[in-house]
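Okay, here's what each chain looks like letter by letter:
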Amino acid sequence: GDSVTQMEGPVTLSEEAFLTINCTYTATGYPSLFWYVQYPGEGLQLLLKATKADDKGSNKGFEATYRKETTSFHLEKGSVQVSDSAVYFCALRDSNQAGTALIFGKGTTLSVSS
Amino acid sequence: SQTIHQWPATLVQPVGSPLSLECTVEGTSNPNLYWYRQAAGRGLQLLFYSVGIGQISSEVPQNLSASRPQDRQFILSSKKLLLSDSGFYLCAWSREESGPGGYTFGSGTRLTVV
């Protein structure tokens, strides 16, 4: 079945460092890919998404490119801030199937210090 | 605009007691609705999803159940809680007419079974 694999955390960075969180997927169809962020004590918020190969999703300085050849959707940010400390989830959703659910990776905790 | 409400925000229940968590969506009709559980260190697990009133699909067999008595109401229940039911429960909704999009999540319910 479909699955998502994220790099293990926690990731600890200093402010203004470059961030990469790796995400790879396995899917039988042509999935849409997502990154969600969960700030402490809160629910999940959609950060960015890409619906087809070579699409780049971007938001709040974060970006990720849908790479079909490597089945990857790595999250990057050029300069992280303390406020970016959160748990990041990569997810996929298969297409053309009503009611199919988002499948999440296990999440990667990011901690940014000043 | 669409909003999603979950309550209560936190709950402490003894083992063997019943459970009822409620989720409602406003500002949309016929949404797909989902219950996820986030246990410590285990990522997000899909529990149930619903594409319409009275239609419930279960992803994981367990002592929890879900019901959808109204179009925009989704209830998660248990007759007798187990310690292993502790976790962070998230409700989410989505619409399908524009293709497989992301979800909008509620703020979650933190359940501690003691």
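Below, the structure is looked at part by part. Every chain is numbered independently, its residues counted from 1 as its sequence is written. Lettering of chains starts at A and numbering of ligands starts at 1, both following the order in which they are written. Local features in this predicted model are restricted to residues of pLDDT 70 or higher, and side-chain atom pairs are both shown and tallied only at a pLDDT of 80 or more, whereas totals for entire chains, interfaces and linings draw on every residue. Hydrogens and water are ignored here; the side-chain numbers use all heavy atoms of the structure.

**What about the side chain of Ser72(A)?**
All names here are of chain A. Stated precisely, the cut-off is as follows: Helix numbering and strand numbering both begin at the N terminus, where a helix is a DSSP run of H or I of at least 4 residues and a strand a DSSP run of E of at least 2. We call two N or O atoms a polar contact when they sit within 3.5 Å, provided that within protein one can donate a hydrogen and the other can accept it, with sequence-adjacent residues counted only if both atoms are side-chain atoms. Contact between two residues is taken to exist if any of their heavy atoms lie within 4.5 Å; hydrogens are not considered.
Assignment of secondary structure puts Ser 72 in the loop between β8 (62–65) and β9 (75–77). At 2.8 Å, the side chain of Ser 72 forms a polar contact with the side chain of Thr 70. Ignoring any residue separated from it by four or fewer positions in sequence, one finds Ser 72 in contact with Cys 23, Thr 24, Tyr 25, Leu 33, Thr 65, Tyr 66 and Arg 67.

**A closer look at the pairing of strand β11 (residues 109–113) of chain B**
Residue and element names in this part refer to chain B. To be explicit about the condition: Throughout, exposure labels follow a simple rule: accessible area from a 1.4 Å probe, protein chains only, divided by the maximum for the residue type, with under 20% read as buried, over 50% as exposed, and the rest as partly exposed. Strands were regarded as paired on the criterion that DSSP finds at least two bridges between them.
Alternating positions in β11 separate cleanly, Thr 109, Leu 111 and Val 113 being buried on one face and Arg 110 and Thr 112 remaining unburied on the opposite face. Bridging between strand β2 (residues 10–13) and β11 involves four bridges; their strand directions are parallel. From the neighbouring strand, Val 12 faces β11, where its bridge partner is Thr 112. Relative to β11, strand β9 (residues 87–94) runs antiparallel, the two being bridged by three bridges.

**Focus on the environment of Gln81(A)**
Residue and element names in this part refer to chain A. Among the secondary structure elements, Gln 81 is positioned in the loop between β9 and β10 (86–93). It is 11 Å that separates the C-alpha atoms of Gln 81 and Phe 62, two residues lying 19 residues apart in sequence. Every residue in contact with Gln 81, bar those within four places of it in the chain, is listed here: Glu 15 and Val 112.

**Here we look at the interface of chain A and chain B**
As a measure of interface size, the accessible area lost when the parts come together is often cited. Put simply, the test is: Note on definitions: salt bridges are taken to be side-chain nitrogens of Lys or Arg within 4 Å of carboxyl oxygens of Asp or Glu.
Each partner contributes to the interface: chain A provides 20 residues, whereas chain B provides 20 residues. Scanning the region where chain A abuts chain B turns up zero salt bridges. Scanning the region where chain A abuts chain B turns up five residue pairs in polar contact (both at pLDDT 80 or more). Of all the elements in the fold, those that place two or more residues in the side of chain A that touches chain B are β5 (32–38), β6 (44–50) and β10 of chain A. Per-element accounting of the side of chain A that touches chain B gives the leading share, four residues, to β5(A).

**Re the pairing of β10(A)**
Residues and elements named next belong to chain A. Most of β10 sits inside the fold, with eight of its eight residues counted as buried. The side-chain alternation of β10 yields two buried faces, one formed by Ala 86, Tyr 88, Cys 90 and Leu 92 and the other by Val 87, Phe 89, Ala 91 and Arg 93. Bridge analysis of β5 against β10 gives seven bridges, and the strand direction is antiparallel. Across the sheet, residue Val 37 finds its bridge partner in β10, namely Tyr 88. For β10 and strand β12 (residues 108–113), the ladder comprises three bridges, and the chain directions are antiparallel. Counted as the bridge partner of Ala 86 is Leu 110 from β12.

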